[in-house]
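Residue-level structure breakdown
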Amino acid sequence: MNFLNKNLSKIYTALCLGSATLLSNAVHAEGKLTIYCSVQSTTCEKITQTFSKKYNVQTQFVRNSTGATLSKLKAEQNNPQADVWYGGTIELHYQAADLGLLSPYRSPKQAETMPQFKALLDKKGDLTSILYMLVLGFGVNTEKFAELGIKDYPKCWKDLLDPRLKGQIQVPDPQLSGTTYTAIVTLIELLGEEKAFEYLKQLDANVSQYMKSNQVTSNLARGESAVSVGFVHSYATEKENGAPVEAILPCEGDSYSLGGLSIIKGARNLDNAKLFVDWALSKEAQEIPWREAGVYQIPTNVDATASPKSVDPKTLKPINIDFERFGSAEEGKRLVNKWVQEIKLKK
Ligand code: PLP
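**Re the environment of T179**
Of note, T179 is situated in helix 7 (residues 178-191). Note on T179: relative accessible area 10%, which makes it buried. Between the C-alpha atom of T179 and that of F231, which follows or precedes it by 52 residues, the distance is 7.1 Å. Not counting the four nearest positions on each side in its chain, T179 is found in contact with T89, L136, P172, S213, V229, G230 and F231.

Shown next, in the form of structure tokens:
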């Protein structure tokens with residue numbers, strides 16, 4: 001019974017109850033769609049519900065972090081359980097592509113993606129589209145800093161090594177979370193691999209725990225930690241909900257990831273999966289996270305309006321990220337295993 005409840009609570013099924021008359025403006029698709037969703041549950045619900053109503057498709061989602069979803073896709077490759085993968089950091093979508101876990105689909109709506117991502121789409125857009133942009137940084141709990149008697153907030157990655165922050169930092173576990181894979185990628189791009197791992201070992205002295213990314217953010221909001229590493233729009237949501245949290249963009253350079261959107265190889269509902277990808281890339285769908293779910297990632301459709309609470313991408317000077325290297329399944333596995341061996345297991 002518990003097992004059933006747990007799984008039912010994870011799965012939201014949006015049933016279409018509308019009559020043909022009510023749906024007269026919709027395209028008359030029918031049948032089913034299962035989405036693996038790697039964004040906030042509130043966004044997964046709204047996206048699922050809206051698509052389901054608009055296209056008369058019985059749609060359900062299962063939410064998991066990016067790394068956890070990639071593990072599921074690997075485990076299920078001989079018997080795929082979902083049709084489409086919505087959101088989550090794009091490096092891991094590229095790794096899924098590399099492992100042959102995705103089905104080719106280049107949506108015509110890719111033409112509406114911001115021009116700065118055109119070269120990447122030209123190279124990798126056969127299997128994965130770009131849904132949104134995420135900016136990497138730190139969150140600080142200002143009340144916790146006051147309690148600790150620390151007046152200056154960290155401005156740079158190197159400031160997280162301050163001994164006064166011992167036990168005060170939480171970081172997501174890269175075995176589950178795409179966020180920390182992007183952080184590892186960032187440090188390698190900034191410092192080179194050897195120095196990046198030296199840094200991560202030193203940082204470990206200040207880290208109290210590695211866990212799921214949403215727990216890291218909520219612990220920061222509750223003051224269980226003083227600092228966390230994460231995508232900065234999450235801190236805007238916590239602040240809006242009343243938490244004493246501020247976002248910081250590290251001084252060494254602006255790093256980012258992109259939200260991936262891919263069709264899963266062996267999808268049982270291929271036509272609906274394509275319809276969903278086209279719709280998810282539209283202006284309408286890309287505004288749903290901030291207009292209806294209070295989540296402030298940056299839309300990548302050129303016509304979509306971004307929330308005033310999102311970082312304005314025009315103010316950023318993004319560092320170079322080698323998506324070819326870090327989207328390779330072998331490199332992803334090697335780096336996460338290295339982190340586990342050299343950092344997590346030595347804690
Ligand atoms: N996509 C969005 C919109 C997010 O906010 C986040 C994390 O904050 C991610 C993807 C990455 O999530 P995870 O680290 O749990 O894989």
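**So, the site of the ligand**
Looking at the ligand, there are 16 residues lining it, with T66, Y132, T179, S213 and H233 nearest. Here S213 contributes a side-chain N or O atom positioned 2.6 Å from an oxygen atom of the ligand. Residue H233 places a side-chain N or O atom 2.7 Å away from an oxygen atom belonging to the ligand. Within the complex, 96% of the 390 Å² of free accessible area of the ligand lies under protein. Of the residues contributing to the shell around the ligand, the split by class is 4 nonpolar, 12 polar and no charged.

**Remarks on helix 3 (residues 66-75)**
Along helix 3, the positions that sit buried rather than exposed are T66, G67, A68, T69, L70 and L73. Where helix 3 is buried, its residues contact strand 2 (32-37), strand 4 (84-89), helix 4 (90-98), helix 7 and strand 11 (255-264).

**Points about the environment of N320**
If you trace the backbone, N320 turns up in the loop between strand 12 (298-299) and helix 13 (323-326). N320 sits 67 residues away from G253 along the chain, and the two C-alpha atoms are 9.6 Å apart.

**Here we look at the packing of helix 7 against helix 14 (residues 329-342)**
Where helix 7 contacts helix 14, the axes come no closer than 11 Å and their chain directions differ by 95°. In terms of orientation, helix 7 and helix 14 fall into the roughly perpendicular class. Mapping the contact onto sequence places Y181, I184 and I188 in helix 7 and E331, G332, L335, V336 and W339 in helix 14. Split into classes, the residues belonging to the contact of helix 7 with helix 14 amount to 6 nonpolar, 1 polar and 1 charged.

**Some points on the packing of aromatic side chains**
The full count for this structure, using the stated rule, is 11 aromatic pairs. With a centroid separation of 5.2 Å and 45° between ring planes, the pair formed by F51 and Y55 is classed as tilted. In this pair, F51 and Y55 are both assigned in helix 2 (residues 41-55), 4 residues apart and thus about one turn of the helix distant. When its relative accessible area of 0% is taken as the criterion, F51 is described as buried.

**Looking at the state of the cysteines**
Throughout the structure, instances matching the rule amount to 2 disulfides. Disulfide partner of C37: C44, at an S-S distance of 2.1 Å. Where C37 bonds to C44 through sulfur, the torsion about that S-S bond is close to -90°, and the disulfide is left-handed. In this pair, the class of C37 matches that of C44, namely buried. There is a disulfide in this structure between C156 and C251, and the S-S distance comes to 2.1 Å. An S-S torsion of about 125° defines the bridge between C156 and C251 as right-handed. Of this pair, C156 sits in the loop between helix 6 (142-148) and strand 7 (169-172) while C251 is found in the loop between strand 10 (245-248) and strand 11, placing the two residues 95 residues apart along the sequence. Disulfides within the chain link the bonded cysteines, taken in sequence order, as 1-2, 3-4.

**Considering the pattern of salt bridges**
Inspection of every chain in the model, using the stated rule, returns 22 salt bridges. We note a salt bridge from R325 to E331, for which the minimum N-O separation is 2.7 Å. Overall, E331 belongs to the buried group, its relative accessible area being 12%.

**A look at the nonpolar core**
Core analysis: the largest hydrophobic core is formed by 95 residues, its most contacted members being Y86 and F276. Here the element with the most residues in this core is strand 6 (residues 128-141); it accounts for 9 residues. Residues within four places of F276 in sequence aside, it is in contact with L33, I35, I47, F51, V84, Y86 and L261.

**Description of the environment of Y256**
Its location among the elements puts Y256 in strand 11. Assessed through its relative accessible area of 11%, Y256 is described here as buried. When the C-alpha positions of Y256 and N78 are compared, they lie 33 Å apart, and in sequence the two are 178 residues distant. In this view, Y256 contacts F117, M133, L134, V135, L136, T182, P318, I319, I321 and F323; residues no more than four positions away in its chain are not counted.

**Observations regarding the confidence of the model for the chain**
The predicted model of the chain averages 92 in pLDDT, with 92% of residues at 70 or higher. This stretch, residues 1-26, has a pLDDT under 50; its non-local contacts, to residues over four places away or in other chains, come to 35 contacts. Model confidence for the complex is summarised by a pTM of 0.92, with the ipTM given as 0.99.

Rules used in this analysis
- Residues numbered from 1 in each chain as written.
- Predicted model: local features only at pLDDT ≥ 70, side-chain atom pairs only at ≥ 80, totals over all residues.
- Heavy atoms only, no water.
- Helix = DSSP H or I, 4+ residues; strand = E, 2+ residues; numbered from the N terminus.
- Buried < 20%, exposed > 50% of the residue type's maximum accessible area, 1.4 Å probe, protein only.
- Contact = heavy atoms within 4.5 Å.
- Near = heavy atom within 4 Å.
- Polar contact = N/O pair within 3.5 Å; in protein donor to acceptor, adjacent residues only side chain to side chain.
- Areas by Shrake-Rupley, 256 points an atom, 1.4 Å probe, with all protein chains shown as cover.
- Nonpolar A, V, L, I, M, F, W, Y, C, P; charged D, E, K, R; others polar.
- Axes fitted to C-alpha atoms, helices over the stretch in contact; angles between N-to-C directions.
- Parallel < 35°, antiparallel > 145°, perpendicular 65-115°, else oblique.
- Phe/Tyr/Trp six-rings, centres within 6.5 Å; stacked < 30°, edge-to-face > 60°.
- Disulfide = S-S within 2.5 Å.
- Salt bridge = Lys/Arg side-chain N within 4 Å of Asp/Glu carboxyl O.
- Core = buried A, V, L, I, M, F, W, Y, C linked by side-chain atoms within 4.5 Å.
- pLDDT = per-residue confidence, 0-100.

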